Amino acid sequence: MKKLTIWIFFYKFARFFIQNKSIMILDINMLRQFYANYSSRVDTARKALGHPLTYAEKVLYAHLYQPEEIKSFQRGAAYVDFAPDRVAMQDATAQMALLQFMNAGKDRVAVPASVHCDHLVRADIGAEQDLNTARMTNKEVYDFLKSVSARYHIGFWSPGAGIIHQVVLENYAFPGGMMVGTDSHTPNAGGLGMVAVGVGGADAVDVLTAQPWELKMPRLIGVHLTGKLSGWVAPKDVILKILGILTVKGGTNAIVEYFGEGCDSLSTTGKATICNMGAELGATCSVFPYDANAEKYLSETGREEIANMANQNAEALRADAEVYENPVAYYDQLLEINLSEIEPHLNGPFTPDAATLVPQMKTVGPANDYPMTVEVGLVGSCTNSSYQDLARAASVARQVKEKNLPVKAQIIINPGSEQIRHTAERDGLLDDFKRIGGVVMANACGPCIGQWKRHTDDDTRKNSIVTSFNRNFRRRADGNPNTFAFVASPELTLAVAIAGRLDFNPITDTLVDNTGNIVHLDEPQGSDFPPKGFSAGGNDSSSTVEVLEDRGLFIPPSDNSQNTKVEISPESDRLQRLEPFESWDGNELVDIPLLIKTKGKCTTDHISMAGPWLKYRGHLQNISNNLLMGAENAFNGESNHVKDQLDGQYKEVSSAAKDYKAHGVPSIVIAEENYGEGSSREHAAMEPRFLNVRVILAKSFARIHETNLKKQGMLALTFVNKDDYDKALEDDRIDVIGFNGFAPGSLFEVVLKHKDGTTDSLAAMHTYNDTQIAWFKAGSALNYSAK
C-alpha cells in the first residue's frame with residue numbers, strides 16, 4: 001500500500017509538471033485545436049480536388065476562410081480567402097498596423113499575435129550601450145507598442161529579446177500552420193513547415209479582426225534537393241544559387257516547396273535561412289516538409305508537445321507520395337538541385353541575385369571594378385543568426401588565434417535572440433569573436449536594415465563589405481551609395497573579413513601569419529544544437545519564455561487589460577493617429593502631372609528609406625518627407641531631384657508632391673520592372689497616397705507592394721506594351737481614363753500630353769478583382785471594411 005501511495009504521488013507530480021510545462025508553450029490551446037482538425041481538413045481537400053496534394057496545397061486548403069466552399073482554385077489567377085492562425089509584427093511596421101487596427105473598433109485581436117522590438121535599435125558601440133540608447137530614444141514608440149499590445153491581447157517582446165523571425169522560429173512557428181507577418185522575411189518560419197507570408201499592415205488588420213485574408217492562389221515551384229552539403233558550403237549557398245537561377249522576380253506569386261532526400265541533411269535553422277531569402281525571389285513564401293530535424297528542433301526549444309502532435313499528423317505535413325514519385329505533374333515549375341555540387345557563393349553588389357561563385361570573383365571583381373579590399377564583415381540578421389550559424393562562424397574566428405593570423409577587416413556580430421546570445425556566450429562562441437576584435441551588437445536587425453552608425457573616415461568613399469544578410473541594395477546598410485555590399489554565408493563572411501580580400505577563396509587560397517608562415521584555414525565546424533541545450537539564463541527548471549518574462553523582455557497577452565489606456569500625444573513627431581483617406585470622387589483623372597519617372601531598380605528602400613527614417617514609421621505625415629528620395633529620376637539621373645510643373649523648379653520629390661497636393665492636383669509615378677521589390681513596408685504605398693499620388697504605372701510590380709497599393713486605395717497599372725515607358729516625358733500632363741468602366745480585366749487608356757502639343761495614347765492593364773475595386777472606390781480597404 002505504501003509503495004502504491006508513493007507511486008501515485010510521483011504519478012500526480014509528473015502529470016502536474018507536464019501539464020504546467022505545457023503552459024509555457026505559447027498559444028498551446030490554439031495549437032491543440034489546430035492539430036485535432038488538421039489531418040481531416042487535408043483529407044477533405046484531397047477528396048474535393050480529386051488528386052494528390054503537394055505540401056503547400058495541404059496547408060493552403062486547410063486554411064480556407066470558408067472551408068465548406070472548398071473547390072479547386074486556379075493557381076496564379078484566382079483570389080482566395082484564407083484564415084491564418086496568427087500574426088507577427090516587428091516594431092517599425094507594427095506602429096502603422098496597430099494604428100489602423102485601433103480604428104477597427106475591436107476589443108481584442110481575433111487570433112494570437114505578437115509584437116517584436118528589433119528594428120529601432122541602432123548598431124553603434126555594442127549591445128549594452130546601444131540597447132540603453134534605443135530605450136531612451138524610442139521610449140515613446142516602445143511605450144505605445146507595449147500599451148497597445150496590453151490593451152488588445154498581444155504578446156510583446158521588448159528590445160533585446162531578439163529579431164522577430166528568430167524569436168518566432170523558437171517560440172511560435174509550427175508545422176502545418178499559416179501565419180502572416182508585417183515583414184517581408186516572415187517566410188523564415190517555412191523552415192519549420194509553416195506557410196508564413198509577409199504582408200502590409202492592412203492585410204494584418206484583416207486577420208486581426210477575423211476578416212478573410214485575400215491572396216492570389218500561388219503557383220507552385222518545386223525544388224528537388226539531392227546530395228549533401230559539405231565543407232565551406234552552407235544552406236545560405238543553396239538560396240544564393242537559386243537566386244542566380246530564378247532572379248528577384250522568378251518567384252513572384254509562387255510558393256517554393258522543397259522536397260527530396262537532400263532535405264534530411266539540412267538543419268531546421270538552415271532551412272529557415274533558405275526560406276527567409278525566398279523573399280528575395282519575390283516568392284509568396286517557401287516551405288519545407290516536416291521531418292526528424294523539425295521534430296528535434298521543437299524538442300530542443302521546449303515544445304515536445306507540439307512535436308508529438310505533429311508526429312500524429314506526419315502524413316499531412318508532407319506532400320502525398322504520388323507527388324514525390326512524379327513531381328513534374330504537380331508543380332508548375334521544377335528545379336533539380338544537387339547539394340553535393342553547390343559551391344560557396346558571394347552574391348552582389350546592389351542586388352541579391354547577382355550570383356558569383358567564390359572562385360570566379362578573382363576575374364569578376366576586377367572586370368567590374370569592384371573594390372577588392374573588404375573593410376567590414378557582418379554576421380547576423382534574421383537570415384543567419386542561429387546557434388549553428390554562430391558556431392560555424394566562431395570555428396573560423398577561433399583559427400585566428402590558433403594560427404597566429406592578422407585580421408584585416410572589422411567584424412560585427414548580431415545574435416538572433418536572447419536565447420541564442422546567452423547560449424553562445426555560455427559556450428564561449430562570443431568570446432571567439434571578441435578575441436579577434438569582433439564587436440557583438442544587440443539582438444536586433446541593426447546594419448541589415450540600415451540601423452548602423454558606421455565608423456568610417458569617409459561616408460561616401462567607394463568600398464566593399466561582406467555580410468550574412470539577405471539584401472544588399474545600394475545605400476541600404478550604411479547610407480553610402482558607393483558601398484558595394486556582398487551577401488554570403490556567416491562562415492565565408494568571417495573568412496573573407498580575416499583575409500580582407502573579396503576574392504579570397506578559403507578552399508584553395510592561403511594566408512600569411514604574423515611570422516610570415518603560409519597557413520590554410522580549416523573547414524568550418526559547428527553543431528546544429530548547443531551540446532548543453534539552449535538557455536536564456538535562470539535555473540534549469542525555467543523555460544526560456546519564463547526567464548525572459550522575469551527579465552521584462554517578454555510580456556504575454558493579458559485577459560485583464562481592457563482598461564489599459566493607449567496614449568498618443570497630439571504634439572508627437574513620431575506617432576500620429578490616422579485619418580481615413582478620401583474616397584474616389586467619381587471622375588477620371590485628367591491633366592495630372594508626372595511626379596517622377598524612375599529609372600532602373602526601385603525597391604521599397606528607394607520609395608521609403610529605412611535607417612534614420614525608421615523613427616517616423618508611426619507618423620505618416622513626417623515619414624512622407626522621404627517619398628521616393630532614393631529613386632533615380634530618368635530625366636537627369638539624379639536622386640530626389642524632380643521638376644515641379646507648377647513652378648518649374650527642381651526640388652525634392654516629396655516637396656513637389658506636397659505642392660501638387662496643396663493645389664488640389666493629383667499626380668502619377670511611372671516606373672520600370674518589379675516596382676516595390678523588397679520589404680513589406682506599407683509606408684511605400686501610404687506615403688504617395690497621403691501626398692495625393694493616385695496612380696503608379698509600372699512595367700511590373702512586386703507582389704507585396706502591389707497588394708499594399710490596392711489596400712491603400714491607389715491605382716496600380718502596368719503597361720500593356722512595356723516599350724511605352726520610353727514615351728513619357730518630363731513635362732507631360734497625363735490623362736488616365738477608365739475609372740467609370742473599372743472592372744476585372746478592363747483596360748485603362750493613358751494619354752501622354754507632351755509640352756510640344758503632341759500626344760501619345762497607350763493602354764494599361766490591372767489585376768484588381770471586384771473587392772479590390774471596391775477598396776479603391778471607398779478610398780482604402782479599411783474604409784470599405786468600416787462601411
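Residues numbered from 1 in each chain as written. Predicted model: local features only at pLDDT ≥ 70, side-chain atom pairs only at ≥ 80, totals over all residues. Heavy atoms only, no water.

If you tally the helices and strands in the protein chain, you get 26 helices and 28 strands. Computed over the C-alpha atoms, the radius of gyration of the protein chain is 26 Å, within 12% of the 28 Å expected from 2.2 N^0.38 for a compact globule of 787 residues. Each principal axis of the C-alpha atoms in the protein chain carries an extent, and together these give about 95 × 70 × 60 Å. Across the 787 residues of the protein chain, 62% fall into the buried class. Considering only contacts in the protein chain between residues 6 or more positions apart, those separated by 24 or more positions represent 76%. On the protein chain, the mean spot of the 77 positive side-chain charges and the mean spot of the 96 negative ones are 3 Å from each other. (Helix = DSSP H or I, 4+ residues; strand = E, 2+ residues; numbered from the N terminus. Rg over C-alpha atoms; globule rule 2.2 N^0.38 Å. Buried < 20%, exposed > 50% of the residue type's maximum accessible area, 1.4 Å probe, protein only. Contact = heavy atoms within 4.5 Å. Lys, Arg positive; Asp, Glu negative; His and termini not counted. Charge placed at Lys NZ, Arg CZ, Asp CG, Glu CD.)

So, about the nonpolar core. Met-89 and Leu-98 are the most contacted members of the largest nonpolar core, which has 169 residues in total. No other element matches the 9 residues that helix α2 (residues 28–49) contributes to this core. Among residues more than four places away in sequence, those in contact with Leu-98 are Met-89, Val-115, Leu-145, Val-148, Ile-154 and Leu-208. Core analysis: the second largest hydrophobic core is formed by 51 residues, Leu-691, Leu-715, Phe-719 and Leu-752 among them. (Core = buried A, V, L, I, M, F, W, Y, C linked by side-chain atoms within 4.5 Å.)

On a regular strand, each side chain points to the face opposite its neighbour's, so the side chains alternate between the two faces of the sheet. Bridge count for strand β20 (residues 589–597) against strand β26 (residues 733–737) is 3 bridges, and the pairing is antiparallel. Its bridge partner being in β26, Pro-593 is matched across the sheet by Arg-733. Where β26 lies against strand β27 (residues 747–753), 5 bridges are found, and the strand directions are antiparallel. Counterpart to Asp-735 in the pairing with β27 is Val-751. (Pairing = 2+ DSSP bridges.)

A word on the sheet that holds β26. Adjacent strands of a sheet form backbone hydrogen bonds with each other and so pair up, either parallel or antiparallel. Spatially, 7 strands are ordered β20-β23-β24-β25-β28-β27-β26 in a closed barrel, and the strand pairing comes out mixed. Put simply, the sheet's adjacent strands are angled 35° from each other on average, direction ignored. (Axes fitted to C-alpha atoms, helices over the stretch in contact; angles between N-to-C directions.)

The element β20 is largely enclosed, with a buried count of 7 among its 9 residues. Here 3 bridges tie β20 to strand β23 (residues 667–670), and the two strands are oriented parallel to one another. Residue pairing across strands places Lys-597 opposite Ile-670, the latter belonging to β23.

Turning our eyes to something else, we now look at the packing of aromatic side chains. Within the structure shown, the criterion is met by 28 aromatic pairs. Between the aromatic rings of Phe-742 and Phe-748, the centroid separation amounts to 5.2 Å while the plane-to-plane angle is 80°, which identifies the pairing as edge-to-face. On the basis of relative accessible area, Phe-748 is assigned to the buried category, the value being 1%. The ring of Phe-350 carries the charged tip of Arg-474 above its face, separated from the ring centre by 3.8 Å. Sitting over the face of the ring of Tyr-725, Lys-597 holds its NZ or CZ atom 4.3 Å from the ring centroid. (Phe/Tyr/Trp six-rings, centres within 6.5 Å; stacked < 30°, edge-to-face > 60°. Lys NZ or Arg CZ within 6 Å of the ring centre and 35° of its normal.)

Right, let's talk about the confidence of the model for the protein chain for a bit. Per-residue pLDDT for the protein chain averages 94, and the proportion of residues at 70 or more is 97%. Throughout residues 1–23 the model reports pLDDT below 50, and contacts reaching past four residues in sequence, or to other chains, amount to 4 contacts. (pLDDT = per-residue confidence, 0-100.)

Moving on to the packing of helix α15 (residues 387–402) against helix α18 (residues 490–499). As a packed pair, α15 and α18 sit with axes 8 Å apart at the nearest point and diverge in direction by 25°. Considered as vectors, α15 and α18 are oriented roughly parallel to each other. Remark: the crossing between α15 and α18 carries right-handed chirality. Together, Asp-389, Arg-392, Ala-393, Val-396, Ala-397 and Val-400 of α15 and Pro-490, Glu-491, Leu-494, Ala-495 and Ile-498 of α18 make up the contact between the two elements. (Parallel < 35°, antiparallel > 145°, perpendicular 65-115°, else oblique. Left-handed = near helix turned anticlockwise from the far one by under 90°.)

A few words on the environment of Val-205. Among the secondary structure elements, Val-205 is positioned in helix α8 (residues 201–208). Of the residues examined, Val-205 reaches a relative accessible area of 0% and is grouped as buried. As for Val-205 and Met-102, which are separated by 103 residues in sequence, their C-alpha atoms are 9.4 Å apart.

Mapping Gly-222 onto the fold places it in strand β8 (residues 219–226). When its relative accessible area of 0% is taken as the criterion, Gly-222 is described as buried. Separated by 105 residues in the primary sequence, Gly-222 and Pro-327 place their C-alpha atoms 7.5 Å from one another. Look past the residues within four positions of Gly-222 in its chain and what remains in contact with it is Glu-257, Phe-259, Tyr-331, Gln-333, Leu-334 and Leu-335.

Taken together, the side chains of Val-720, Leu-747 and Met-765 make up a nonpolar region of the molecular surface, amounting to roughly 260 Å² of accessible area. Along the polypeptide, Val-720 turns up in the loop between β25 (715–719) and β26. (Patch = residues over 30% accessible without salt bridge, like charges linked within 9 Å, V, L, I, M, F, W, Y side chains within 5 Å. Areas by Shrake-Rupley, 256 points an atom, 1.4 Å probe, with all protein chains shown as cover. Salt bridge = Lys/Arg side-chain N within 4 Å of Asp/Glu carboxyl O.)

This paragraph deals with the sheet that holds strand β10 (residues 285–287). As summarised here, the arrangement of the 4 strands in space is β10-β9-β8-β11, forming an open sheet in which the pairing is parallel. Bordering the open sheet on either side are β10 and β11 (333–338), each of which pairs with just one other strand. Along the sheet, successive strands turn relative to each other by an average axial angle of 20°, direction set aside. For β8 and β11, the ladder comprises 6 bridges, and the chain directions are parallel. In the strand pairing of β11, Leu-225 is matched with Ile-337. Here helix α9 (residues 235–246) sits on the sheet in contact with β8, β9 (254–259) and β11, set at roughly 140° to β11.

With an omega dihedral of 0°, the bond running from Gly-348 to Pro-349 counts as a cis peptide bond. Here Pro-349 is to be found in the loop between β11 and α14 (361–367). Of note, Arg-475 is a non-glycine position whose phi angle comes to about 75°, a positive value. One can find Arg-475 in the loop between β15 (463–467) and β16 (483–487).

Moving on to helix α12 (residues 304–312). Looking only at α12, the buried set comprises Ile-306, Ala-307, Met-309 and Ala-310. Along α12, the residues classed as buried sweep out an arc of 165° about the axis, all on the same side. Residues of α12 that are buried make contact with α2 and α11 (292–300). (Arc of directions from axis to C-beta.)

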